[in-house]
Structure formats: structure tokens, C-alpha cells
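# Examination of the molecular architecture
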Amino acid sequence: MVKFSQEEMLRFIDSDKCRCQNIYKGTGFQVYVKTKIDTELVNIFAFDNVPQGIKIITEDIHRENLKFVVEKSAEKNRFIDFNNYVISLPSSKENPDQVDFSAAHLYRKRGAIVGKVSSQVSNLGEVHCNRLVVIDHKLLIVCNYYATKVLCVIEDELRRIPLNIAEQLLRTLSLNWKTLENLDASYALEDWTFQNGLLINARTMSVPSTLQFYFYKSLRRGKQVDSIKANLDFTKLVKMLIRNEKGVAQISYIDSKHI
């Protein structure tokens, strides 16, 4: 694949030579899809990397701080805006409604870092788009009935996590950043860290339990504290996650507040 420096890539997308099939726009990034460079078709990811603290962001400052990543285009690519990351999933000409996890890519927006995809995720192979559900842009669910799998990003790697851990994470998705920080400080020995907006121990997969949250809440009497989802609507959740392959092939996005 043709390689460009960051400066050369910025000049290229500003030039008349930059011809792409379309532009996919997400939060903090955009993708120039199927851009022709010499004889190759590539996807060019442009990530917003304006340094924090700058109050007035002009167009010049924005463009000067873009960071780029280039990947080879597939017959069709689907992009998942995954909070601090982007997941790129290719489809073949033979199976355009399915995405191929064996060729998936992960990119961190800040710094335009190329992440990893674990072997467990790669081994998922081809999955129909209608069987993919994204919750709060932090959990990716592969809905195959009794073989449902949950993916999230931990230490710049797209990984599978146990279903019981995912269930507990669903309870804490409603908590704001400050509450999660205070909860983390209250249980320092748990060694939780923020992983793409989720509070989790990257080594043990430990996450805040419902009981830990209520112990924490009881010590903050008189102070405003978010509510955890102590009673998930499992009937509704199961209906959301029982998917079939009928209709238009598309990845579904769910806001956890509707669960």
C-alpha cells in the first residue's frame, strides 16, 4: 500500500487529486471512502486532534491538527463510531450484507492510533449486519441467540467479555463520569480503570457491582448521586437482542436509557 507522511496526506486531501466515493462523518472523525491513490482504493481516516485547552478553534487550527490513518478499501466498509474509537468492518462482494471480523480494524481517535483486534473477535468471521447491536457506542453485541457475544475496547484492543460482566456494565452505563470517578476512588483496591468510558479492571475483568454501588451511595447521604439500573428490563432487552437477517442490512444502535 502507498504510504504518505501526515503532512503529505493533508496536502493530498486538499488537492484535486483526492477523489472518493463518499465521505462518512462521525464524532471527531471522517472517512474518505474508496479514495483512489495511484491504482489503489483506500479509506482515509481523518481524526480531529486539536489539543485540549484551545478555546477558539478556527478552520486552520482544525486542519493543522488532523491525524490520518489509511486502510485498504473492501467491496463495502461499515464504520462503527465507538466512543473514543472507530471500528472498521469490511464486507465482500459475495456477501455484502455480512461483515468480516477476521479483517476488522480498530482505531483510537486521539492520536490516530491503530489498535488491536483479539483472536477471539477475529475468529467470529462473517456476521450478518442485522445481528449487530451497539449500546451507547461502548458495547458491541453479536446477537446469535444462545451464543450472544459482547465486545468492548480494553487497552486499545477490541475484546470479547463474558455476558455476566456485560450485564453488570449495562447497569452502570447510566452513571455520569463524576459518579464513576468517585466510585472508583471509593474502591481503590479494585484497580479499575476507565476503558473507553467503562470502569473495568483490564486484568481481572472486575467491574463495579450493584452492592458496591449501594454501599458507596449510603455513605454519601444528602449528596446528589446518580441512580444505577438495579432493575434492568430483561424482557425488553432480550427482544432488542433477538435479531434476524431480514430487511435492510444495517447495524442497530441503542441508547441504554431505553432498556
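Refer to the preceding data block for the structure.
Source: prediction; values computed, not measured.

A separate point is the side chain of Ser91. Considering the arrangement of structural elements, one finds Ser91 in strand 6 (residues 85-91). Apart from the residues within four sequence positions on either side, Ser91 is in contact with Ala74, Glu75, Lys76, Arg78, Pro96, Gln98 and Val99.

Turning our attention to the sheet that holds strand 14 (residues 149-154). The 6 strands are arranged 10-15-14-13-12-18 in an open sheet whose pairing can be described as mixed. Two strands close off the open sheet at either side, each with one partner strand: strand 10 (116-117) and strand 18 (252-254). Two elements, strand 12 (residues 132-135) and strand 13 (residues 139-142), share 4 bridges in a ladder whose sense is antiparallel. By the bridge assignment, Leu132 is partnered in strand 13 with Val142. This element, helix 4 (residues 163-172), spans strand 12, strand 13, strand 14 and strand 15 (157-161) of the sheet and lies at about 105° to strand 15.

What follows concerns helix 6 (residues 210-218). Along helix 6, the residues that are buried comprise Gln212, Phe213 and Tyr216. Along the axis of helix 6, the buried positions cluster into a sector of 100°, meaning they face one direction only. Those residues of helix 6 that are buried are in contact with helix 5 (177-186).

The rules we used
Residues numbered from 1 in each chain as written. Predicted model: local features only at pLDDT ≥ 70, side-chain atom pairs only at ≥ 80, totals over all residues. Heavy atoms only, no water. Helix = DSSP H or I, 4+ residues; strand = E, 2+ residues; numbered from the N terminus. Contact = heavy atoms within 4.5 Å. Pairing = 2+ DSSP bridges. Axes fitted to C-alpha atoms, helices over the stretch in contact; angles between N-to-C directions. Buried < 20%, exposed > 50% of the residue type's maximum accessible area, 1.4 Å probe, protein only. Arc of directions from axis to C-beta.

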